[in-house]
Amino acid sequence: MRLRVFANKALNHNRKGKFPDEKIIRSSRTEPEDTKKRRDTGKSNEKRWGRSLKRNTLISVRVAKNSVRKMFRSTSFYVLLFFTLVFWYLFGHNIKELAADLGYGVPPYLLPHFFGSGTFRVQGRLLLVLLTCQAPFLSEDRLFTVQRTGRMAWCIGQMLYILLANVIFLAVMLAAQVLTLLPHVSFGSRWGTVIRTAAENTTLLYSYAGYGTVKSAIISGMTPAEAMGKQMLLCILLGTMVGMASFLINGITRKHIAAVIMVGAVLAVDYMGEIDGYLGTSLLRLNPFAWVSLTEYLNGTYDFAVNVWKMAAICAVLMAACIWCTKKGWIRVAE
């Protein structure tokens, strides 16, 4: 009886070759076309975004790599290298002569003392400024490069180059101090007899030809690894901050005025230090170039962790500002 009823229903409703329930089954198993289209579009956008991010990252790395190659071919880099060697020779010559008389080697841990002693502190800051104060770096093929890479990838590549240039220049300074101390250089985990003797008897160094000084506060307050690590971190952060600020100032104004501003800030540090009282201390706290000397941290003027986070935050804000201004078209890509 049930088979007969089902057969009659099939004959009555299958005039077009379809069972009555087939349309319902199909509609329940298949989703609407607009939903399927939106889902496919979302997947394609995710894949496209991932491919675009990977592509832009690779392009930015290539831009930075190309800029590093151009740096080694530029005359300004070798002029900067020459002055770096001269400054280190003037700083470390008397220490090397003292080592020769004492008969001991000098560990190459003089970088914290270089940035903490008088005139050489200013010279070290000026070297960091002159390294990247011409950003954005506009070469002869800049228009072709920006056209092929895009503004955003070019901007990120330039900022990555600023970071790499500071790391390379720091390696140059470390190599320069080793060359200065040859052949009386030794490696170890301690400050060594020569550096401790120079710190305890400062007048002894003045009897030799040279202008280097050793800070006893750094030797008594830090180990060599701690002092060198903190000093290198401060130098990289300061150099990166100077480069990104120069990128923003020069790019918006379309003039190389960042060098004048940065050099003025460097020279103002010593003037601020001569101001007594709360005003001088407050001005020093606001000047980033005064944050690179470890002797100020040991004297209690600054807090190392606070200043490191402060410098990192300033670099992040400057990076975001550079990207935003480049996106708006406010950063120049041509003379």
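Throughout this document, residue positions are counted from 1 along each chain, in the order its sequence is written. Totals for whole chains, interfaces and linings use every residue, but because this is a predicted model, local features are given only for residues with pLDDT of at least 70 and side-chain atom pairs only at 80 or more, for both listing and counting. With hydrogens and water excluded, all non-hydrogen atoms of the structure serve as input to the side-chain values.

### Remarks on the overall build of the protein chain
The helix and strand tally for the protein chain stands at 16 helices and zero strands. Taking as baseline every contact in the protein chain between residues at least 6 positions apart, the subset at least 24 positions apart corresponds to 79%. Accessible surface is estimated by sampling points in the Shrake-Rupley manner with a 1.4 Å probe; for residues, cover comes only from the protein chains shown. For the protein chain, the accessible surface area stands at approximately 19200 Å², while carbon and sulfur atoms represent 62% of it. Strands are runs of DSSP state E lasting at least two residues, helices are runs of H or I lasting at least four, and both sets are numbered from the N terminus onward. Pairs of residues are marked as contacts when any of their non-hydrogen atoms sit within 4.5 Å.

### Things to note about a nonpolar patch on the surface
Only residues whose relative accessible area exceeds 30% and that form no salt bridge are eligible for patches; like-charged ones are grouped when within 9 Å, while nonpolar side chains (Val, Leu, Ile, Met, Phe, Trp, Tyr) are grouped when within 5 Å. Basic side-chain nitrogens of Lys or Arg form a salt bridge, by our definition, when they fall within 4 Å of a carboxyl oxygen of Asp or Glu. There is a patch of nonpolar side chains on the surface, built from Val61, Leu160, Leu163, Leu164 and Val167 and spanning about 340 Å² of accessible area. Ranked by residue count, the leading element in the nonpolar patch is helix H8 (residues 151-181), at four residues.

### What to know about the confidence of the model for the protein chain
Segments scoring low in pLDDT should not have their predicted coordinates read at a detailed level. As a per-residue measure, pLDDT reflects the predictor's confidence and takes values from 0 up to 100. Across the protein chain, the average pLDDT comes to 78, with 77% of residues at or above 70. Predicted confidence in the protein chain is weakest over helix H2 (residues 22-29), with a mean pLDDT of 43, and strongest over H8, with 90. In this model, residues 13-31 is a region of pLDDT below 50 whose contacts with residues beyond four sequence positions or in other chains number seven contacts. Between residues 36-43, whose pLDDT stays under 50, and residues either more than four places distant or in other chains, the model counts two contacts.

### Examining the nonpolar core
Within the largest apolar cluster, 81 residues are counted, with the highest numbers of intra-cluster contacts made by Trp88, Ile95, Phe114, Phe115, Val214, Leu234 and Leu238. Looking at which element gives the most residues to this core, the answer is H8, with 13 residues. For Phe115, the residues in contact, after removing those within four places along its chain, are Arg121, Gly124, Arg125, Leu128, Met173, Gln231, Cys235, Val292 and Ser293. We define a nonpolar core as any set of buried Ala, Val, Leu, Ile, Met, Phe, Trp, Tyr and Cys residues linked to one another through side-chain atoms lying within 4.5 Å. Residue exposure (1.4 Å probe, protein chains only): buried if accessible area is under 20% of the type maximum, exposed if over 50%, otherwise partly exposed.

### Description of the side chain of Ser246
Mapped onto the fold, Ser246 is located in helix H12 (residues 224-253). Among the residues examined, Ser246 registers a relative accessible area of 0% and is labelled buried. Contact partners of Ser246, with chain neighbours within four places excluded, come to Thr132, Cys133, Ala135, Pro136, Gly251, Ala258 and Met262.

### Thoughts on the packing of aromatic side chains
Classification of ring pairs rests on two measures: the distance between centres of Phe, Tyr or Trp rings, Trp counted by its six-membered ring, which must be within 6.5 Å, and the angle between planes, read as stacked under 30 degrees, edge-to-face over 60 and tilted in between. Per the stated rule, a full pass over the model turns up 12 aromatic pairs. Where Trp88 meets Phe91, the ring centres are 5.7 Å apart and the plane angle is 85°; that geometry is what we call edge-to-face. Within this pair, Trp88 and its partner Phe91 are both found in helix H4 (residues 75-102), separated by three residues, close to a single helical turn. Using a relative accessible area of 0% as the deciding quantity, one classes Phe91 as buried. Seen in terms of ring centroids, Trp88 and Phe114 are 4.5 Å apart; in terms of plane orientation they differ by 15°. Their pairing is stacked. Pair noted here: Trp88 is in helix H4 and Phe114 is in helix H5 (residues 111-114), with a separation of 26 residues, a long-range link. Residue class for Phe114 comes out buried when judged on its relative accessible area of 0%. An aromatic cluster is defined as three or more aromatic residues linked by ring pairs; in this entry it consists of Trp88, Phe91, Phe114 and Phe115.

### Quick notes on the pattern of salt bridges
Here the structure, examined in full by the defined rule, presents one salt bridge. In this structure, Lys230 and Glu226 form a salt bridge, with 3.0 Å as the shortest nitrogen-oxygen distance. Of this pair, Lys230 and Glu226 both sit in helix H12, separated by four residues, roughly a single helical turn. Among the residues examined, Glu226 registers a relative accessible area of 33% and is labelled partly exposed.

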